[in-house]
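What the coordinates show
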Amino acid sequence: MQKNDLDILARTLYGEARGEGTEGMEAVANVIMNRYRKPKWYTGYIVLNGKKVPDIAETCRKKSQFSCWNEKDVNRQKILSVAENCQIFQECLQVASRALSGELIDFTNGADFYHTRQIMPAWAKGHTPCYECGNHLFYNDVK
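Residues numbered from 1 in each chain as written. Predicted model: local features only at pLDDT ≥ 70, side-chain atom pairs only at ≥ 80, totals over all residues. Heavy atoms only, no water.

Another point: the nonpolar core. Counting 35 residues, the largest nonpolar core has L9, L13, I32 and F138 as the members making the most contacts within it. Those elements that place two or more of their residues in this core are α1 (5-17), α2 (21-37), α3 (56-61), α5 (87-101) and β4 (131-133). Ranked by size, the runner-up nonpolar core spans 6 residues in total, among them Y42, F113, L137 and Y139. (Core = buried A, V, L, I, M, F, W, Y, C linked by side-chain atoms within 4.5 Å. Buried < 20%, exposed > 50% of the residue type's maximum accessible area, 1.4 Å probe, protein only. Helix = DSSP H or I, 4+ residues; strand = E, 2+ residues; numbered from the N terminus.)

Shown next, in the form of structure tokens:
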């Protein structure tokens, strides 16, 4: 893991799930960690000692994967400017720390995708959520 994994993971949780409480933040953290652990197209990589290796921060920031990092997303400025002493961001840091240390239990059944209830992305059609939390539906059967 790289030095900025904690910060980027916490900012991603803040941008994607700050209104979903601890369970929602943990669920999104599990999706990110599940993506990081799977060598698939959605995993972000860096080159370390001449080798391409999975990276948590780059998994979070991979183009078009977590909308809060998209250039035109309204959450992008919020995640970049959130105050370190913000109570919700502090909770995001705690969840991110537990995820990075392996203390977070994956109660999402291996989910590696999610979306809000307000949208139905094309990739979700024909798939059944494996977990539901607040405003989000989670999936583990998307190719």
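Here the focus is the environment of Q77. Among the structural elements, Q77 can be located in helix α4 (residues 74-81). For the pair formed by Q77 and M25, sequence separation is 52 residues and the distance between their alpha carbons is 19 Å.

On to the sheet that holds β4. Spatial ordering of the open sheet is given by β3-β5-β4, a layout of 3 strands whose pairing is antiparallel. Two strands bound the open sheet, and with one partner strand each, they are β3 (113-116) and β4. Adjacent strand axes in the sheet meet at a mean angle of 20° when their direction is disregarded. In this structure, β4 lies alongside strand β5 (residues 136-139), joined through 3 bridges in antiparallel fashion. The residue bridging C133 from the neighbouring strand is H136, located in β5. (Pairing = 2+ DSSP bridges. Axes fitted to C-alpha atoms, helices over the stretch in contact; angles between N-to-C directions.)

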